[in-house]
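# Structural description and commentary
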Amino acid sequence: MKKFFSLVLFAHSIFAMPFALIGFFLGVTNTDQPFNWYLLLAVVLCMVFARNAAMAFNRYLDRDIDAKNPRTVTRDIPAGRVSANEALTFVIINCLLFVTTTYFINQLCFYLSPIAIFVVLFYSYTKRFTALCHLVLGLGLGLAPIGAYIAVTGQFAIIPVLYSFAVLFWVSGFDIIYALQDEEFDRLEKLHSIPQALGRKNALNLSSLLHVCSAVCVIAPLYFSPFSWPYYIGVIFFCSMLIYQHRLVKPNDISKVDRAFATTNGYASVVFAICFLVDVFLRSR
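Calculation rules
Residues numbered from 1 in each chain as written. Predicted model: local features only at pLDDT ≥ 70, side-chain atom pairs only at ≥ 80, totals over all residues. Heavy atoms only, no water. Helix = DSSP H or I, 4+ residues; strand = E, 2+ residues; numbered from the N terminus. Rg over C-alpha atoms; globule rule 2.2 N^0.38 Å. Expected span 1.5 Å × (residues − 1). Buried < 20%, exposed > 50% of the residue type's maximum accessible area, 1.4 Å probe, protein only. Contact = heavy atoms within 4.5 Å. Core = buried A, V, L, I, M, F, W, Y, C linked by side-chain atoms within 4.5 Å. Axes fitted to C-alpha atoms, helices over the stretch in contact; angles between N-to-C directions. Parallel < 35°, antiparallel > 145°, perpendicular 65-115°, else oblique. Left-handed = near helix turned anticlockwise from the far one by under 90°. pLDDT = per-residue confidence, 0-100. Salt bridge = Lys/Arg side-chain N within 4 Å of Asp/Glu carboxyl O. Nonpolar A, V, L, I, M, F, W, Y, C, P; charged D, E, K, R; others polar.

## Thoughts on the overall build of the protein
For the protein, the helix and strand inventory stands at 14 helices and zero strands. Ordered by position from N to C terminus, the α and β elements of the protein give α-α-α-α-α-α-α-α-α-α-α-α-α-α. The C-alpha radius of gyration computed for the protein amounts to 19 Å, which stays within 12% of the reference 19 Å derived for 285 residues, consistent with globular compactness. With the C-alpha coordinates of the protein rotated into their principal frame, the extents come out at 55 × 40 × 30 Å.

As structure tokens, this is what we get:
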């Protein structure tokens, strides 16, 4: 299991998982649905299975590309720690576990599960034909809040959709920053990305614009629900982390990309979710 956790970078689940919890508790508090530990466990398992499938499939599909890139040559498949067949088997098992778990949640989740799996797997192909691959990644992770909300309520609503758009813009923006590391490699290998298409400066400008859109989407729920002071703190912290990561990375200095990508965004999602949950607790008393 240790080598498969390395394959899928299990720690990266920290990006979308907090927003899935936001979607779940939003469904519990904004409707008459009771809290259910088994349903919460099912939602968490769906997140884990979908993330495992998406990341392992990306590693499987990109194995030859990773072997050529000095930055990724030490990844598990090129390095021989996991075989391509093992990775593909892992993908299939996690896809089946995801769909099976949705069957025990509700009918709508089950019917939508193949679409969710398609989106998160399809991302791995996109860099081969479009620079918009970052937005497809954002869309895949952006399914977390609305998916968790549907798991609880069996229906759509505006606030979880806003959080889904927040994740879409947020992830797309920081993935553009992350892709700065491979700008030259992508150009040589004829792979597509925003940095490869627009250059560093314009890529960072677009990333900033996407993060402004993300900030708007976490502020917008204030107009639809009576949040209290912890939520305001969460919004301020989340937006501050968006600003901070853009101060870390400059067109002429991308040495702090890893810090901007993993640490900053990890703190942003976790602290924002904690503030949201504290707000829910205070308002439910």
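## Points about helix 2 (residues 17-30)
Spanning 14 residues, helix 2 covers 20 Å between terminal C-alpha atoms, matching the ideal 20 Å at 1.5 Å per step. Most of helix 2 sits inside the fold, with eleven of its 14 residues counted as buried. Three or more residues of helix 2 are buried, namely Met17, Pro18, Phe19, Ala20, Ile22, Gly23, Phe24, Phe25, Leu26, Gly27 and Val28. If you follow the buried residues of helix 2, they end up packed against helix 3 (37-61), helix 8 (133-153), helix 9 (158-179), helix 13 (229-248) and helix 14 (257-284).

## Quick look at the nonpolar core
Residues Phe24, Tyr163, Trp170, Val249, Phe272 and Phe276 are the most contacted members of the largest nonpolar core, which totals 89 residues. Broken down by element, this core gets its largest block of residues, 15 residues, from helix 3. Dropping the residues within four chain positions of it, Tyr163 is found in contact with Phe19, Ile22, Leu26, Pro145, Pro221, Phe227, Tyr231, Phe272 and Phe276.

## Thoughts on the packing of helix 3 against helix 6 (residues 84-103)
Contact geometry for helix 3 and helix 6: axes closest at 8 Å, N-to-C directions at 155°. Judged on the interaxial angle alone, helix 6 and helix 3 are roughly antiparallel. Crossing of helix 3 against helix 6: the hand is left-handed. Contacts between helix 3 and helix 6 involve Ala42, Leu45, Cys46, Phe49, Ala50, Asn52, Ala53, Ala56, Phe57 and Tyr60 from the former and Ala84, Ala87, Leu88, Phe90, Val91, Asn94, Cys95, Leu97, Phe98, Thr101 and Thr102 from the latter.

## Considering the confidence of the model for the protein
When pLDDT is averaged along the protein, the result is 92, and 95% of the positions lie at 70 or above. Looking across the protein, the model is least confident in helix 1 (residues 2-8), with a mean pLDDT of 64, and most confident in helix 12 (residues 200-219), with 97.

## Notes on the pattern of salt bridges
Considering all chains together, one arrives at nine salt bridges under this definition. Linking Glu189 and Lys68 is a salt bridge whose minimum nitrogen-to-oxygen distance equals 3.5 Å. Of this pair, Glu189 sits in helix 10 (residues 183-189) while Lys68 is found in helix 4 (residues 63-68), placing the two residues 121 residues apart along the sequence. Classification of Glu189 as partly exposed rests on a relative accessible area of 33%. As a salt-bridge pair, Asp182 and Arg71 come within 2.5 Å of each other at their nearest N and O atoms. Pair noted here: Asp182 is in the loop between helix 9 and helix 10 and Arg71 is in the loop between helix 4 and helix 5 (76-79), with a separation of 111 residues, a long-range link. Take Asp182: its relative accessible area is 10%, and that puts it in the buried class. A residue is classified by how much of its surface remains accessible, and Arg71, at 29% relative accessible area, is partly exposed. Three or more residues are tied together by salt bridges with common partners; here these are Glu183, Glu184, Arg187 and Arg200.

## What about the environment of Gln196?
Its place among the elements puts Gln196 in helix 11 (residues 194-198). C-alpha separation for the pair Gln196 and Leu180, spaced 16 residues apart in sequence, amounts to 8.1 Å. Every residue in contact with Gln196, bar those within four places of it in the chain, is listed here: Glu183, Asp186, Arg187 and Leu191.

## Some points on the environment of Ser240
Summarising the element assignment, Ser240 is placed in helix 13. Note on Ser240: relative accessible area 34%, which makes it partly exposed. Considering only alpha carbons, one finds Ser240 and Arg259, 19 residues apart in sequence, at a separation of 15 Å.

## Quick notes on the side chain of His246
Among the secondary structure elements, His246 is positioned in helix 13. Beyond its immediate stretch of four places on either side in the chain, His246 contacts Ile177, Leu204, Ser207, Ser208 and His211.

## Structural notes on the packing of helix 7 (residues 107-126) against helix 8
The packing of two helices is summarised by the inter-axis angle and the distance between the axes. It is at 8 Å that the axes of helix 7 and helix 8 come closest, and there the two elements cross at 160°. Considering their axes alone, helix 7 and helix 8 lie roughly antiparallel with respect to each other. The crossing of helix 7 and helix 8 is left-handed. Counting all contacts with helix 7, which are made through Leu108, Cys109, Leu112, Ala116, Val119, Val120, Phe122, Tyr123 and Thr126, the residues of helix 8 involved are Cys133, Val136, Leu137, Leu139, Gly140, Leu143, Gly147, Ile150 and Ala151. Residues belonging to the contact of helix 7 with helix 8 are distributed by class as follows: 15 nonpolar, three polar and no charged.

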